[in-house]
Amino acid sequence: MSTVDVTTWYLEQTSPADAGPPVPAPEGVRVECAEILSPELSRFLYTAVGQDVSWTDRLDWDVLRWTKELEGTRTWIAYERGTPAGYAELAPREDGSAEIVYFGLLPAFRGRRIGAHLLSCATARAWELTTTRVWLHTCSKDGPHAKANYERRGFRVYRTEVEEEAETRTPGPWPGALG
């Protein structure tokens, strides 16, 4: 099995002011909180967003594991004209911080400022969960613009790690879906 070096960046905001002004919603986009815990919905969003960026750590979870992991989290979903475009999963942590556990857009919705708006909304909601800091991590397997989007929204790198990992193939979308 081949391996690959993966760089992980941990980023944080230590004040709500770090986020800067809210990013306006593109026309036809709204962000709503999923008020009912739904492992099926969360799994759909996870696989749809992560299909082409190597999100594999949750793929083998059963419904009980999904339910347990989602307890206490809040999922914010971006919709464009009624269609799910992406999501942010937020979780308060024992140290008083709030983590943006997962964040991303389905491939067809990237590059249209939806991610900037969703991250702006998610960060504001995360600050409602904490008074200390909002943090997240991204890695070199994520989309090529992920880290830059976080930095534009006021997140700063506070730790970087490089680890060798087994190279994994994501299942991807259905055959031929991305051209």
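Anything mentioned here points back to the structure above.
Calculation criteria
Residues numbered from 1 in each chain as written. Predicted model: local features only at pLDDT ≥ 70, side-chain atom pairs only at ≥ 80, totals over all residues. Heavy atoms only, no water. Phe/Tyr/Trp six-rings, centres within 6.5 Å; stacked < 30°, edge-to-face > 60°. Helix = DSSP H or I, 4+ residues; strand = E, 2+ residues; numbered from the N terminus. Buried < 20%, exposed > 50% of the residue type's maximum accessible area, 1.4 Å probe, protein only. Lys NZ or Arg CZ within 6 Å of the ring centre and 35° of its normal. Contact = heavy atoms within 4.5 Å.

Undergrad: Outline the packing of aromatic side chains, listing residues and values.
TA: For any two aromatic rings, the description comes down to two numbers: the centre-to-centre distance and the angle of the planes. Throughout the structure, instances matching the rule amount to eight aromatic pairs. Here Y10 and Y158 contribute two aromatic rings whose centre-to-centre distance is 6.2 Å and whose plane-to-plane angle is 55 degrees, an arrangement assigned as tilted. Placement of Y10 in strand β1 (residues 3–13) and of Y158 in strand β7 (residues 156–166) is noted, with a sequence separation of 148 residues between them. Note on W61 and W66: the rings are 5.2 Å apart at their centroids and 65 degrees apart in plane angle, and the pair reads as edge-to-face. Overall, W61 belongs to the buried group, its relative accessible area being 13%. One aromatic cluster is present, built from ring pairs that chain together Y46, W55, W61, W66 and Y102. Taking the ring centre of Y79 as reference, the NZ or CZ of R30 above it sits at 4.6 Å.

Undergrad: Run through the environment of L129, naming residues and quoting values.
TA: By the element assignment, L129 lies in the loop between α3 (114–127) and β6 (134–139). Among the residues examined, L129 registers a relative accessible area of 35% and is labelled partly exposed. Taking the C-alpha atoms as reference, L129 lies 7.7 Å from S97; in sequence the two are 32 residues apart. Ignoring anything within four residues of it in the chain, the contact list for L129 reads L90, P92 and A98.

Undergrad: Tell me about unusual backbone geometry, residues and numbers included.
TA: Phi is positive for S54, close to 65 degrees, though the residue is something other than glycine. Examined against the element boundaries, S54 turns out to sit in the loop between α1 (39–50) and α2 (63–70). A residue is classified by how much of its surface remains accessible, and S54, at 22% relative accessible area, is partly exposed. Look at R113: it is not a glycine, yet its phi comes out positive at around 75 degrees. Locating R113 in the fold gives a position in the loop between β5 (98–105) and α3.

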